[in-house]
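Reading the structure
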Amino acid sequence: MTGKNNISSTIVLPPLTDGTALTLERSCQCILIVGTNGAGKSRFAARMAADMGTTAYCLSALHALFDREPRPAGTPASTIDRLYEKATGTARGYNQQATQLERVMTLLMHDEMLNLLNYKLRHASDPEARMHHTRLDDVINLWQEIFPNNKILIESGQLLFSQRTGDRDRYSAMKLSAGERAVIYYLGAISYAPHGSMVFIDSPEIFLHPTMMQAVWNRMEMLRPDCTFVYTTHDLDFAASRTGASVIWVRHYDAIDKTWDYSIMPPDTAISEDIYMAILGARKPVLFIEGDPHRSIDAKLYPLIFKDYTIRSLGSCNKVIESTRTFNDLNSMHQLDSYGIVDRDRRDEKEVEYLRGKKVMVPEVAEVENILMLEQVIRAVAAYCGKDETRVFLHVKRSVLQQFKHDLHQQALLHTRHRVKRTMEYRIDGRFSNINKLEQHMEDLIHEINAKGLYENFCQEFNRYHAESDYSSVLRVYNQKSMLPASNVAGLCGLHNKEEYIDTILEILRSDHPQARRIRTTVRQCFNLDPDPADMPLPPSGDNSSQQRNHKHPNNRKHNNEHR
């Protein structure tokens, strides 16, 4: 079964909201229809199938395993019901109680019997005649490959199942698990797809364990390379496993006009699961952040600061930067703003400005833990806990400055190392005609970089911060995870430990307490952003100020960070 159907080389997709329609080349074997729940994916696939007529072949394990009603007469798409009626010569409605799974198994046994009769007739005149390879042979081999501990038997004209462990029990397909029945249904049904069909699969992940889903559908596609598989899914693991697929992102369905808002993802675009997650789940602009989605401070704090954004935790800073770039490259498709947040760490001003120009926000502190040590955050927690906020902050400030003084030379060395590393990365990537010129270039770089001079400059700068008690500058350059517990900020606020201090900040932000506005405004200012309009005092009645109309955008200074 090779070679594509030559009926048409182009697939015309359902109508867009403006009345036009996009097209796809039919050269690909796999099409993904993705989108959020309620976006109209299933209706989109149904319209596609209807437009394809009998070239379409529709399968659904949910329908096949539990629904005993055949598809209504007049349905344009091919189904197992139609093939069953044609092969067995039965009228519509015959054996109404049979599920599609049972009909698939009947078709397999029907063809097996015909093959056996044909073999006997041929063998009568030609003793050397052999049995032809059948669909059932393929189904049995592939099913036993997917479920190696199980075995399919043919006994008394029935397909029975048993364990390979020596168990003598024989049981029907109805006693298999839902996943096992789904696989045998798909194997059998796909083997009967008309040549060159477009096979529409609704929710291919249903009933299948995530560890086996990719392998199952790889085998299905290998079974019918002549067909085009069209999957409707919102399962990210499955979507990411279909490499090379044409991806249609359905955003909205207009039930009155029967049109869709959808886009085709650009080909050859490296789209990770994180990007899929953002696209599929996004009804709001997207904000990519660092850290673990369940345990990191980033994932707990930023959703309470940027409430109008879909937050996605990606782990590393490099992944945040790359995902923000990729997502914004796809802006014409999803029409959503995308930003990233990465820690400042030891980046210099040029690096920070470069990232901000790429819509990656960088705070005015070294890392996210330092945000919790900002003066107004400390004061807000102290006030919330009923403590003297000035006394608490001054004690914390003194402690942090002392700790910074102790670590000053180590911090200067770390900043020097980072600067040398970044300069080498930028400057070493040149073109050289021979090894001698490369060697000379590297020697010149060593003198040009002057690591010792950099180190001494950092030491001088950091000593000035300490001498001037420049607390905010210390937070900008000081990477030290132990800063929060060592400062005793939790104890000074009447809390037991670092964890309780962090939880108290999150508790305040979830509430309508006045200190929540104070913390949120402070954090936004740390990113050089205006306060969230929701956290500002309401204007007088009837005042249609610009602040009221302003969208709560992470960078509502009209992208000031991008154009500095």
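Residues numbered from 1 in each chain as written. Predicted model: local features only at pLDDT ≥ 70, side-chain atom pairs only at ≥ 80, totals over all residues. Heavy atoms only, no water.

In the contact formed by helix 5 (residues 135–146) and helix 7 (residues 210–223), the axes pass within 11 Å of each other and the chain directions differ by 160 degrees. Classified by the angle between their axes, helix 5 and helix 7 sit roughly antiparallel to one another. Between helix 5 and helix 7 lies a crossing of right-handed hand. On helix 7, the residues that touch Asp138, Leu142, Glu145 and Ile146 of helix 5 are Met212, Val216, Arg219 and Leu223. Residue composition of the contact of helix 5 with helix 7, grouped by class: five nonpolar, no polar and three charged. (Axes fitted to C-alpha atoms, helices over the stretch in contact; angles between N-to-C directions. Helix = DSSP H or I, 4+ residues; strand = E, 2+ residues; numbered from the N terminus. Parallel < 35°, antiparallel > 145°, perpendicular 65-115°, else oblique. Left-handed = near helix turned anticlockwise from the far one by under 90°. Contact = heavy atoms within 4.5 Å. Nonpolar A, V, L, I, M, F, W, Y, C, P; charged D, E, K, R; others polar.)

Okay, the packing of aromatic side chains next. Enumeration over the complete set of coordinates arrives at 19 aromatic pairs. Taking the centre distance of 4.9 Å and the plane angle of 70 degrees together, the rings of Phe44 and Tyr262 count as edge-to-face. Of this pair, Phe44 sits in helix 1 (residues 41–52) while Tyr262 sits in strand 10 (residues 259–264); the two residues are 218 residues apart in sequence, bridging distant segments of the chain. Neither Phe44 nor Tyr262 differs from the other in exposure class; each is buried. Ring-pair connections join several aromatic residues into one group, and the members of that group are Tyr185, Tyr186, Trp217, Phe229, Tyr231 and Phe238. For Lys359, the ring lying beneath its charged end belongs to Tyr339, and the centroid distance is 5.6 Å. (Phe/Tyr/Trp six-rings, centres within 6.5 Å; stacked < 30°, edge-to-face > 60°. Buried < 20%, exposed > 50% of the residue type's maximum accessible area, 1.4 Å probe, protein only. Lys NZ or Arg CZ within 6 Å of the ring centre and 35° of its normal.)

Looking now at the environment of Lys387. Structurally, Lys387 is set in the loop between helix 15 (375–384) and helix 16 (389–428). Along the backbone, Lys387 and Cys493 are 106 residues apart, and their C-alpha atoms lie at a distance of 6.2 Å. Apart from the residues within four sequence positions on either side, Lys387 is in contact with Ala382, Val392, Leu492, Cys493 and Gly494.

So, on to the environment of Glu290. On the secondary structure map, Glu290 appears in the loop between strand 11 (286–289) and helix 10 (297–305). Between the C-alpha atom of Glu290 and that of Ser316, which follows or precedes it by 26 residues, the distance is 5.5 Å. Residues in contact with Glu290, not counting those within four places in the same chain, are Ser296, Asp298, Ser313, Gly315, Ser316, Cys317, Val320, Ile341, Val342 and Asp343. Polar side-chain contacts of Glu290 include one of 3.4 Å to the backbone nitrogen of Cys317. In terms of polar contacts, Glu290 uses its side chain to reach the backbone amide nitrogen of Asp343, at 2.6 Å. (Polar contact = N/O pair within 3.5 Å; in protein donor to acceptor, adjacent residues only side chain to side chain.)

Summing up the model confidence of the chain, the mean pLDDT is 81 and the portion of residues at 70 or higher is 82%. A low-confidence stretch, residues 1–6 stays under pLDDT 50, and its non-local contacts, those more than four residues away or across chains, total 20 contacts. Overall, residues 537–564 carries pLDDT values under 50, and its contacts beyond four positions in sequence, including any with other chains, amount to 50 contacts. (pLDDT = per-residue confidence, 0-100.)

This part is about helix 1. Between its first and last C-alpha atoms helix 1 spans 17 Å; for 12 residues at 1.5 Å apiece the expected length is 16 Å, and the two agree. Inspection of helix 1 places Lys41, Phe44, Ala45, Met48, Ala49 and Met52 among the buried residues, and these make up the whole buried set. The buried residues of helix 1 occupy an angular sector of 135 degrees when the element is viewed end-on, so they sit on one face. Positive phi appears at Gly53, one or two residues downstream of helix 1, with a value of about 65 degrees. (Expected span 1.5 Å × (residues − 1). Arc of directions from axis to C-beta.)

What follows deals with the sheet that holds strand 14 (residues 360–361). With parallel pairing, the four strands of this open sheet are ordered in space as 12-11-13-14. The sheet is open, and its two borders are formed by strand 12 (310–313) and strand 14, each paired with just one other strand. The sheet contact formed by strand 11 and strand 12 spans four bridges and is parallel. Within the sheet, the bridge partner assigned to Phe288 lies in strand 12 and is Arg312. Lying over the sheet, helix 11 (residues 317–329) contacts strand 11, strand 13 (338–341) and strand 14, oriented at roughly 175 degrees with respect to strand 13. (Pairing = 2+ DSSP bridges.)

Together, Met113, Leu116 and Met131 give the surface a local cluster of nonpolar side chains, amounting to about 250 Å² of exposed area. With respect to the secondary-structure elements, Leu116 resides in helix 4 (residues 100–125). (Patch = residues over 30% accessible without salt bridge, like charges linked within 9 Å, V, L, I, M, F, W, Y side chains within 5 Å. Areas by Shrake-Rupley, 256 points an atom, 1.4 Å probe, with all protein chains shown as cover. Salt bridge = Lys/Arg side-chain N within 4 Å of Asp/Glu carboxyl O.)

Our focus in this paragraph is the pairing of strand 13. Side-chain positions along a regular strand alternate between the two faces of the sheet. Neither face of strand 13 is open: one carries Ser338 and Gly340, the other Tyr339 and Ile341, and all of them are buried. With two bridges joining them, strand 13 and strand 14 adopt parallel strand pairing. The residue of strand 14 that forms the bridge with Gly340 is Val360.

In this structure the tally under the stated criterion is 20 salt bridges. A salt bridge links Arg242 to Glu221, with the shortest nitrogen-to-oxygen separation between them at 3.0 Å. Taken as a pair, Arg242 in the loop between helix 8 (236–241) and strand 9 (246–254) and Glu221 in helix 7 lie far apart in primary sequence, 21 residues in all. Overall, the relative accessible area of 5% leaves Arg242 in the buried class. Given a relative accessible area of 12%, Glu221 falls into the buried group. Here Asp345 and Arg347 are joined by a salt bridge, their closest N and O atoms 4.0 Å apart. A single network of salt bridges, built from pairs that share partners, joins Arg344, Glu349, Glu353, Arg356 and Glu364.

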